[in-house]
Amino acid sequence: ELKVEQNPLFLSMQEGKNYTIYCNYSTTSDRLYWYRQDPGKSLESLFVLLSNGAVKQEGRLMASLDTKARLSTLHITAAVHDLSATYFCAVDPTNFGNENLTFGTGTRLTIIP
Amino acid sequence: DAGITQSPRHKVTETGTPVTLRCHQTENHRYMYWYRQDPGHGLRLIHYSYGVKDTDKGEVSDGYSVSRSKTEDFLLTLESATSSQTSVYFCAISDLTGGGYGYTFGSGTRLTVV
């Protein structure tokens, strides 16, 4: 059974600081996704990582994938309040692209002014 | 949420009653999914569909059934609702063209079983 673990589960950080959220998974996969969820809202796609060494950046967020280590990171640079949300990683366990995604438990990020 | 809608958005129901949640898409995507979201568990897959009349179970399918008679509609039925099925339910769609674009999610249905 595929397990996807995120660390930390809760993160409170000051504006302007840098931090990293980690996503570890237990089976071989080259396909990993990051999503953002605001309170009471749906999930919004952030990044799609489809190969070892993939790196994607959007604004203050950068995601990377190391399939050998079964690890993805979501790095936040110079955090701003608007980034407060819950972030989920999700893994395709089949690696065939049928995208039955298994989600991590989420990291609730709070940015303090 | 363009192209995918869920109904109802909120529902309160009594234990033991059947409940049906609807997911409707206008994207003509082949794959549709039902997840539930609970604190401390992230999202867990209930059922999914890979085409009309083609469905399969996910991780937490007990107590749930699904139907897909048209490409655009995917129904989730709680056969006899229990308090443990109080949750937020999300429908998602996926277009598997090999690009791995992931899911597009609906707005969610908040279900409370009393």
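Use the structure listed above.
Asker: Can you walk me through the overall build of chain A in this structure?
Answerer: A count of helices and strands for chain A gives zero helices and 11 strands. Along its sequence from the N terminus, chain A presents helices and strands in the succession β-β-β-β-β-β-β-β-β-β-β. Its C-alpha radius of gyration of 13 Å places chain A within 12% of the 13 Å reference for a compact globule of 113 residues. Classification of the 113 residues of chain A by burial places 46% in the buried group. Summed over its atoms, the accessible surface of chain A is roughly 5500 Å², and 50% of this surface lies on carbon and sulfur atoms. Computed over 10 positive and 11 negative side-chain charges, the separation of the two mean positions in chain A equals 3 Å.

Asker: Sorry if this is basic, but what is going on with the side chain of A:N100 here?
Answerer: Mapped onto the secondary structure, A:N100 falls in the loop between β9 (85–91) and β10 (102–103). The exposure class of A:N100 is buried, given its relative accessible area of 11%. Polar side-chain contacts of A:N100 include one of 3.4 Å to the side chain of B:Y48. Not counting chain neighbours up to four residues away, the residues in contact with A:N100 comprise A:V91, A:D92, A:P93, B:Y33, B:Y35, B:L45, B:Y48 and B:Y103.

Asker: What should I look at first to understand the nonpolar core in this one?
Answerer: Grouped burial of nonpolar side chains is what soluble globular proteins tend to show. Residues and elements named next belong to chain A. Formed by 25 residues in total, the largest nonpolar core has its most connected members in L32, W34, L74 and Y87. If you list the elements that add at least two residues to this core, you get β2 (10–14), β3 (19–25), β4 (32–37), β5 (43–49), β7 (61–66), β8 (71–76), β9 and β11 (107–112). At four residues, the largest contribution of residues to this core is made by β9.

Asker: Help me understand the sheet that holds β3(A), please; the structure alone is not making it clear to me.
Answerer: Adjacent strands of a sheet form backbone hydrogen bonds with each other and so pair up, either parallel or antiparallel. All names here are of chain A. Reading across from one edge, β1-β3-β8-β7-β6 is the order of the five strands in this open sheet, with antiparallel pairing throughout. Unpaired on one side and paired on the other, β1 (4–7) and β6 (55–58) mark the two borders of the sheet. When the angles between neighbouring strand axes are averaged without regard to direction, this sheet yields 15°. Looking at chain direction, β7 and β8 are connected through six bridges and run antiparallel. For M62, the partnering residue across the bridge sits in β8 and is H75.

Asker: Honestly, the pairing of β6(A) in this entry has me stumped. Any pointers?
Answerer: Along a regular strand, successive side chains alternate from one face of the sheet to the other. Residues and elements named next belong to chain A. Where β6 lies against β7, four bridges are found, and the strand directions are antiparallel. Paired with V55 across the bridge in β7 is S64. Taking the residues between adjacent antiparallel strands as the criterion, β6 and β7 are bridged by two residues, where G59 takes a positive phi near 60°.

Asker: Whenever I open this one, the pattern of salt bridges confuses me. Can you help?
Answerer: Pairing between side chains of opposite charge can happen when the charged atoms of each approach one another. One pass over the full model with this rule turns up seven salt bridges over all chains. Among the salt bridges present, the one from A:K3 reaches A:E1, with a minimum N-O distance of 3.9 Å. Classification of A:E1 as exposed rests on a relative accessible area of 78%. Between B:D38 and B:R44 there is a salt bridge; the shortest N-O distance is 2.9 Å. When sorted by exposure, B:D38 lands in the same class as B:R44, which is buried.

Asker: Honestly, the interface of chain A and chain B in this entry has me stumped. Any pointers?
Answerer: The parts lose accessible area when they come together, and the size of an interface is often stated as this lost area. On the side of chain B, 24 residues touch chain A, which itself brings 19 residues to the contact. When chain A packs against chain B, close to 1600 Å² is buried across both sides, 51% of that on carbon and sulfur atoms. Connecting chain A to chain B are zero salt bridges. Across the chain A-chain B interface, the total number found is six residue pairs in polar contact (both at pLDDT 80 or more). Mapped onto the side of chain A that touches chain B, the elements with two or more residues apiece are β4 and β5 of chain A. For the side of chain A that touches chain B, the element with the highest residue contribution is β4(A), accounting for three residues.

Asker: What is the right way to look at unusual backbone geometry in this model?
Answerer: Negative phi characterises most residues that are not glycine, and trans characterises most peptide bonds. For the peptide bond that leads from A:N7 to A:P8, omega is -10°, which places it in the cis range. Examined against the element boundaries, A:P8 turns out to sit in the loop between β1 and β2. Note that the residue after B:S7, namely B:P8, is joined by a cis bond; omega there is -10°. Considering the arrangement of structural elements, one finds B:P8 in the loop between β1 (4–7) and β2 (10–13). Positive phi, normally seen in glycine, also occurs at A:R70, with a value near 55°.

Parameters at a glance
Residues numbered from 1 in each chain as written. Chains lettered and ligands numbered in written order. Predicted model: local features only at pLDDT ≥ 70, side-chain atom pairs only at ≥ 80, totals over all residues. Heavy atoms only, no water. Helix = DSSP H or I, 4+ residues; strand = E, 2+ residues; numbered from the N terminus. Rg over C-alpha atoms; globule rule 2.2 N^0.38 Å. Buried < 20%, exposed > 50% of the residue type's maximum accessible area, 1.4 Å probe, protein only. Areas by Shrake-Rupley, 256 points an atom, 1.4 Å probe, with all protein chains shown as cover. Lys, Arg positive; Asp, Glu negative; His and termini not counted. Charge placed at Lys NZ, Arg CZ, Asp CG, Glu CD. Polar contact = N/O pair within 3.5 Å; in protein donor to acceptor, adjacent residues only side chain to side chain. Contact = heavy atoms within 4.5 Å. Core = buried A, V, L, I, M, F, W, Y, C linked by side-chain atoms within 4.5 Å. Pairing = 2+ DSSP bridges. Axes fitted to C-alpha atoms, helices over the stretch in contact; angles between N-to-C directions. Salt bridge = Lys/Arg side-chain N within 4 Å of Asp/Glu carboxyl O. Buried area = accessible area lost by both parts, 1.4 Å probe.

Distances and angles like these do not, on their own, reveal function.
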